[in-house]
Amino acid sequence: MKNRGKLLSGFIIFSMLFTIVLAGCSSNNANELPDSGAESPAADNPDAKKIDLTMFMGTSGKDYPDGVDPSDNPFIDIVEKYSNVNLKMNVPGYADFKTKSDLLLASGKLPDIMHSWYPEEMEKAADEGAFIDLKKYYDNSPIVQKVISPEMMELAKSSDGHYYRIPMSYSDAPLGAGLLTRYDLVEKYNDGKWPTTIDEWVALMEKEHEADPSAIVMSNRVMGDKGLSYGGVMYYQLYGAPVYGYRVQNSKVISTFELPEYRAATVLMNKLFEDGVLEKDFATGKNYFSAWANNNSLMQWNSSDQLVPAAQDAASGQNDPLTKTWKLAMAPPLTEYPTDAKYVWPYKNMPISGHGVYISTSSKNPDRAWKVIEGFASDALKEAVYWGTEGETYTVKDGKRIPDAAKLGDKNRAWTLGLMIIHGFVTGQDVKQALSTQIMGPDYAKVVYDSQIPIAELAEQKGYALSNFFRASDEASKKAAEEKQFITKTTVEAIMGRISMDEFDKQVAVYHDKYGFMYDEMTTYLNDNKDELLKKGVIEAGW
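The structure presented is a predicted model; accordingly, all values stated were derived computationally and were not measured.

**Student:** How would you summarise the packing of helix α2 (residues 74-83) against helix α14 (residues 366-376) if you had to cite specific residues and measurements?
**Tutor:** Relative to each other, α2 and α14 sit at 135°, their axes nearing to 8 Å. Here α2 is positioned oblique relative to α14, judged by the angle of their axes. Both α2 and α14 take part in a crossing whose hand is right-handed. Across the interface between the two elements, I76, V79, Y82 and S83 from α2 touch R368, K371, V372, E374, G375 and F376 from α14.

**Student:** I'd like a description of the sheet that holds strand β8 (residues 299-303), backed by residues and values.
**Tutor:** Pairing in this open sheet of three strands is antiparallel, and the strands run β8-β5-β9 from one edge to the other. On the outer flanks of this sheet lie β8 and β9 (328-330), each paired with one strand and no other. Going from strand to strand, the sheet's axes swing by 35° on average, the running direction of each strand aside. Relative to β8, strand β5 (residues 177-182) runs antiparallel, the two being bridged by five bridges. Residue pairing for β8: L180 is matched across the bridge by Q300. Those strands touched by helix α8 (residues 183-190) are β5 and β9, and its axis lies near 60° from that of β5. On the sheet, helix α18 (residues 442-462) packs against β5 and β9 and is oriented at approximately 20° with respect to β9.

**Student:** Before we move on, can you summarise the environment of A341 with the specific residues and values?
**Tutor:** Secondary-structure assignment places A341 in the loop between β9 and β10 (352-359). The class of A341 is partly exposed, set by a relative accessible area of 24%. Each C-alpha atom of the pair A341 and G240 lies 7.4 Å from the other, and the pair is 101 residues apart in sequence.

**Student:** If you had to explain helix α20 (residues 501-528) to someone new, which residues and values would you point to?
**Tutor:** At Y515, α20 shows its largest bend, some 60°. Buried residues of α20: M501, F504, V508, Y511, Y515, G516, M518, Y519, M522, T523 and L526, and no others.

**Student:** Before we move on, can you summarise the pairing of strand β11 (residues 394-397) with the specific residues and values?
**Tutor:** Bridge analysis of β11 against strand β12 (residues 400-403) gives four bridges, and the strand direction is antiparallel. Its bridge partner being in β12, V396 is matched across the sheet by R401.

**Student:** Account for the side chain of T523, with residues named and values stated.
**Tutor:** Note that T523 resides in helix α20. Ignoring anything within four residues of it in the chain, the contact list for T523 reads S251, K252 and V253.

**Student:** Pulling in residues and values, what's your account of the sheet that holds β10?
**Tutor:** The mixed open sheet is built from five strands, whose spatial order is β2-β1-β3-β10-β4. Strands at the two margins of the open sheet, each flanked by one partner only, are β2 (85-90) and β4 (166-169). Pairwise comparison of adjacent strand axes, ignoring direction, gives a mean angle of 25° for this sheet. One ladder, built from two bridges, connects strand β1 (residues 51-56) with strand β3 (residues 113-116); its direction is parallel. Bridge pairing in β3 links F56 to M114. The strands touched by helix α3 (residues 97-107) within the sheet are β1 and β3, with β3 carrying the most contacts at an inclination of about 140°.

**Student:** Lay out the pattern of salt bridges in plain terms, naming residues and giving numbers.
**Tutor:** Across all of its chains, the model carries 26 salt bridges by this definition. Ionic pairing is found between K88 and D52, a salt bridge with its closest N-O pair at 3.9 Å. Placement of the pair is K88 in strand β2 and D52 in strand β1, with a sequence separation of 36 residues. One salt bridge in this structure joins K489 and E493, with 3.1 Å as the shortest N-O distance. Pair noted here: K489 and E493 are both in helix α19 (residues 474-495), with a separation of four residues, about one helical turn. A relative accessible area of 22% means that E493 is categorised as partly exposed. Through salt bridges with shared partners, a single ionic network connects K98, D102 and E121.

**Student:** So what's going on with unusual backbone geometry? Residues and values would help.
**Tutor:** Of note, N84 is a non-glycine position whose phi angle comes to about 60°, a positive value. Tracing the sequence through the fold places N84 in the loop between α2 and β2. The class of N84 is buried, set by a relative accessible area of 13%. Phi is positive for D191, which is not a glycine, with a value near 55°.

**Student:** Now, about the packing of aromatic side chains: what can you tell me, with residues and values included?
**Tutor:** Here a ring pair, both rings aromatic, is described through the centre-centre distance and the interplanar angle of the planes. Counting across every chain of the model gives 27 aromatic pairs. Seen in terms of ring centroids, Y230 and Y288 are 5.5 Å apart; in terms of plane orientation they differ by 40°. Their pairing is tilted. With Y230 in the loop between α9 (198-211) and α10 (234-238) and Y288 in helix α12 (residues 288-294), the pair connects residues that are 58 residues apart, well separated along the chain. With relative accessibility at 0%, the residue Y288 sits in the buried group. Geometrically, the ring pair formed by F486 and Y511 is tilted, given 5.9 Å between the ring centres and 45° between the ring planes. Residue F486 is located in helix α19, and its partner Y511 is located in helix α20; the two are separated by 25 residues in the primary sequence. Taking the relative accessible area as the measure of exposure, Y511 reaches 0% and is therefore buried. One aromatic cluster is present, formed by Y236, F257, Y262, F486, F504, Y511 and Y515 through successive ring pairs. Over the ring of Y347 we find K462; its NZ or CZ atom is 4.3 Å from the centre of that ring.

What counts and how
Residues numbered from 1 in each chain as written. Predicted model: local features only at pLDDT ≥ 70, side-chain atom pairs only at ≥ 80, totals over all residues. Heavy atoms only, no water. Axes fitted to C-alpha atoms, helices over the stretch in contact; angles between N-to-C directions. Helix = DSSP H or I, 4+ residues; strand = E, 2+ residues; numbered from the N terminus. Parallel < 35°, antiparallel > 145°, perpendicular 65-115°, else oblique. Left-handed = near helix turned anticlockwise from the far one by under 90°. Contact = heavy atoms within 4.5 Å. Pairing = 2+ DSSP bridges. Buried < 20%, exposed > 50% of the residue type's maximum accessible area, 1.4 Å probe, protein only. Bend = angle between axes of the 7 residues up to and from the residue. Salt bridge = Lys/Arg side-chain N within 4 Å of Asp/Glu carboxyl O. Phe/Tyr/Trp six-rings, centres within 6.5 Å; stacked < 30°, edge-to-face > 60°. Lys NZ or Arg CZ within 6 Å of the ring centre and 35° of its normal.

Structure (structure tokens):
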């Protein structure tokens, strides 16, 4: 069974910066051949002399394999040809990226172009003069405008109104989050009927636990200061009181830790712990990965964009035929909740990620540096990364492209996805759906994709989260880790019965005195910027 431990690597590592495995949804005709057509010339003067430019870029978690030269390979050649430059690439390994990025910013000796997924640090450096405003370039660039909309540019704008960053698109990602579930277990223990209430989910978990005591029905993952996540937070989510979250109520921002719904969810979690449904070692999180791979965990709270890669991995079997019996789907929303349903609905994904590309003020040729950015935004690079070459990574039949899953999924090719610093790691949905249909079969693939639709509809209704726009004070930022640790400790102790609920209530009062100011800051920001937030799609600003 050793191979099953790798089974759900595509979605259990949700804290990774991006999902590069096959995910997402597109139209039925998305894999039709695109119209042919040449892209814009590399420079205003095609006879212009080719120049050298420098670029610092991260791998975004997919380090280059041995033998790949970041400055000389068929993919970066596409960018160089378009922009008419020789790029000297500085691409550190993922583990070293932050350190080397910080050193570069501190040195003041910046490359012509810089890529980063730390927007706050980059904006701070830009405000100090490190990077130029890119708005005039963007306004005259149909290529970049095709990928990054004006709305995206506004969302990437700095706090003082500058456009230092060309952001990465995240607009193709399936929207929302919910209960990512082993539907085959729902079939086995509930005759295929989806639970419609919290009580019904609890009853199903109890039934599985009774029928299979070896199963870890409900597991938990520890992520640094966040001692509860994934399987450990799903009932808090269903109560509309997500762990480490907030709620907007009557134009006031409240920590969910102080809500009566949070307390009720904790009482339920204590019962599940006592009954053995919640694993006894949940506080350590040490069994989380193996629980999903080997011990029939029923469900977890996860983003919808993680469903397809997980379902695809399961369908392929990962060399273990037993996993082919798995069926994964997003559970439908409940028909009733113990709170106002809008607090349970998932937020809409922001259409951009934290990634961005910048041009330094010290660049010897910012015009040509912009052409490099356009090269990364080009259709030619996107096609090469996601589809590859006809006859090598895909074939054409009846005017449609048929991907070669083995070749496109070759681990030695995975690094190329890190080049999608403008298009984004969740684009390429056409090839992803074609591959998923090929691996899962059309009937099951339809079930998987269809299960994402209700989640996306709720996310559209809820809009963007206030937290995407709010920036905490230095004092609040310094307290953030400590606050999460307080919530973790108190919640875990109450779930395990080490403190009574009366003692839990006293700790909530202590929490309010120590950390309530953090939410007071959010309330002030909300009320000072309500009209602007509503225009941006932060619907909860009006709650």
